[in-house]
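Observations on the three-dimensional arrangement
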Amino acid sequence: QVQLVESGGGLVQPGGSLRLSCAASGSIFIIYVMGWYRQAPGRQRELVATITSDGSTNYVDSVKGRFTISRDYAKNSVYLQINSLKPEDTAVYYCNAILATIGTRAHNNYWGQGTQVTVSS
């Protein structure tokens, strides 16, 4: 069993900052990619940022320069520093991990439960 637990969401004013955290636990052998997705009301879930096992990062254009993804490999954790927040960043943010569990080589996809980020004055 693998669990991803997010934290750090909340209500923030436009221009503010938040730091989201996600920790993966369980029978993890190796994590290939960790990332953040978000889903706003009435919209499809979209990729926000990913980071691979070698530290390569990828961002959706709308967050480049404002969001920074990072990993703590020893803690199986991923973070998302969000700066210069805009109302359109309001969404539920989901942590994602592509990993292999102990005893397998399969790449499986895991999701956290989501954390709400609301940007409003």
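Our subject is the structure listed above.
Residues numbered from 1 in each chain as written. Predicted model: local features only at pLDDT ≥ 70, side-chain atom pairs only at ≥ 80, totals over all residues. Heavy atoms only, no water.

**Regarding the overall build of the protein**
The helix and strand tally for the protein stands at 0 helices and 11 strands. Rg of the C-alpha trace for the protein: 14 Å, near the compact-globule value of 14 Å for 121 residues, within the 12% margin. Taking the principal axes of the C-alpha coordinates as reference, the protein spans close to 50 × 25 × 25 Å. Counting all 121 residues of the protein, 40% fall into the buried class. Pairs at least 24 apart in sequence give 56% of the contacts found in the protein among residues at least 6 apart. A total accessible area of about 6400 Å² is found for the protein, and carbon and sulfur atoms account for 48% of it. Taking the average place of the 10 positive charges on the side chains of the protein and the average place of its 7 negative ones, the gap between the two points comes to 3 Å. (Helix = DSSP H or I, 4+ residues; strand = E, 2+ residues; numbered from the N terminus. Rg over C-alpha atoms; globule rule 2.2 N^0.38 Å. Buried < 20%, exposed > 50% of the residue type's maximum accessible area, 1.4 Å probe, protein only. Contact = heavy atoms within 4.5 Å. Areas by Shrake-Rupley, 256 points an atom, 1.4 Å probe, with all protein chains shown as cover. Lys, Arg positive; Asp, Glu negative; His and termini not counted. Charge placed at Lys NZ, Arg CZ, Asp CG, Glu CD.)

**Re unusual backbone geometry**
Positive phi, close to 50°, is recorded for Asn-76, a residue that is not glycine. Within the secondary structure layout, Asn-76 lies in the loop between strand S7 (67-72) and strand S8 (77-82). Phi angles above zero are rare outside glycine, and Ser-84 is one such case at about 50°. Checked against the element boundaries, Ser-84 lands in the loop between S8 and strand S9 (91-101).

**What about the packing of aromatic side chains?**
One pass over the structure, following the stated rule, counts 1 aromatic pair. Ring centres 4.9 Å apart and planes at 70° place the aromatic pair Tyr-37 and Trp-111 in the edge-to-face group. In this pair, Tyr-37 sits in strand S4 (residues 28-39) while Trp-111 sits in strand S10 (residues 108-111), placing the two residues 74 residues apart along the sequence. By relative accessible area, Trp-111 is classed as partly exposed at 35%. When the ring centre of Tyr-79 is taken as reference, the NZ or CZ atom of Arg-19 above it lies at 4.2 Å. Positioned above the aromatic ring of Trp-111 is the side chain of Arg-45, whose terminal nitrogen or guanidinium carbon lies 4.6 Å from the ring centre. (Phe/Tyr/Trp six-rings, centres within 6.5 Å; stacked < 30°, edge-to-face > 60°. Lys NZ or Arg CZ within 6 Å of the ring centre and 35° of its normal.)

**Focus: the side chain of Glu-6**
Position of Glu-6 relative to the elements: it lies in strand S1 (residues 2-7). Buried charge without a partner: Glu-6 forms no salt bridge, and the closest opposite charge is Arg-45, 7.6 Å away. There is a polar contact of 3.0 Å between the side chain of Glu-6 and the backbone nitrogen of Gln-113. (Salt bridge = Lys/Arg side-chain N within 4 Å of Asp/Glu carboxyl O. Polar contact = N/O pair within 3.5 Å; in protein donor to acceptor, adjacent residues only side chain to side chain.)

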